[in-house]
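Fold and contact review
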Amino acid sequence: MKSPDQPHRHGTAMAGAIAARGKLLGIAPAARILAARAFDPTAVGAASTTTRLLDSLQWASDSGARIINMSFAGRPTPVCAR
């Protein structure tokens, strides 16, 4: 398991895919990234709480974010499996 003070690799990879500027160019290289730590690393991935996610969204909004990218994965639920 990674140290809690290290960013999760998925978020870091997505930030690069969005805003990379160099030999590889992201899809929005002029974008400014606001990084919110909404998940903590676990032995098998990452975990969070609803409150932590909502607090991160509020912080991003209060900080002037106009677009928010979020990636979620997990077991399908009956509503999502249709």
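Look above for the structure.
Residues numbered from 1 in each chain as written. Predicted model: local features only at pLDDT ≥ 70, side-chain atom pairs only at ≥ 80, totals over all residues. Heavy atoms only, no water.

What follows concerns the overall build of the chain. Scanning the chain for helices and strands turns up two helices and two strands. For the chain, the sequential pattern of α-helices and β-strands runs α-β-β-α. Look at the contacts in the chain between residues 6 or more apart in sequence, and 33% of them connect residues 24 or more apart. By element, 59% of the accessible surface of the chain is carried by carbon and sulfur atoms, the whole surface being about 6,900 Å². (Helix = DSSP H or I, 4+ residues; strand = E, 2+ residues; numbered from the N terminus. Contact = heavy atoms within 4.5 Å. Areas by Shrake-Rupley, 256 points an atom, 1.4 Å probe, with all protein chains shown as cover.)

Before going further, it helps to examine a nonpolar patch on the surface. On the surface, Ile68, Met70 and Phe72 cluster together to form a nonpolar patch covering roughly 300 Å² of accessible area. We classify Phe72 as exposed; its relative accessible area is 55%. (Patch = residues over 30% accessible without salt bridge, like charges linked within 9 Å, V, L, I, M, F, W, Y side chains within 5 Å. Salt bridge = Lys/Arg side-chain N within 4 Å of Asp/Glu carboxyl O. Buried < 20%, exposed > 50% of the residue type's maximum accessible area, 1.4 Å probe, protein only.)

On to helix α2 (residues 50-62), then. Taking 1.5 Å of rise per residue, the 13 residues of α2 would be expected to cover 18 Å, and the 18 Å separating its terminal C-alpha atoms lies within 8% of that figure. If you check which residues of α2 are buried, you get Leu53, Ser56 and Ala60. Seen from one end, α2 has its buried residues packed into an arc of 60°, which puts them on one side. Across α2 from its buried face, at more than 90 degrees, point the exposed residues Thr50, Thr51, Leu54 and Asp62. Among the residues trailing α2, Gly64 stands out with phi positive, at a value near 95°. (Expected span 1.5 Å × (residues − 1). Arc of directions from axis to C-beta.)

The subject of this paragraph is the side chain of Ser56. Examined against the element boundaries, Ser56 turns out to sit in helix α2. Leaving out residues up to four positions away in the same chain, Ser56 has contacts with Ala36, Arg37 and Ala38.

Quick look at the environment of Ala60 now. The topology assignment puts Ala60 in helix α2. Residue Ala60 is classed as buried on the basis of its relative accessible area, which comes to 9%. Sequence-wise, Ala60 and Ala35 are 25 residues apart; in three dimensions their C-alpha atoms are separated by 8.4 Å. The residues contacting Ala60, other than those within four sequence positions of it, are Leu34, Ala65 and Ile68.

On to the environment of Ile18, then. Secondary-structure assignment places Ile18 in helix α1 (residues 9-19). Accessibility expressed as a relative area gives 23% for Ile18, which makes it partly exposed. Distance from Ile18 to Pro29, taken between C-alpha atoms, is 6.7 Å for residues 11 residues apart in sequence. When near neighbours in sequence (up to four residues on either side) are disregarded, Ile18 contacts Gly26, Ile27, Ala28, Pro29, Ala31, Ile33 and Asn69.

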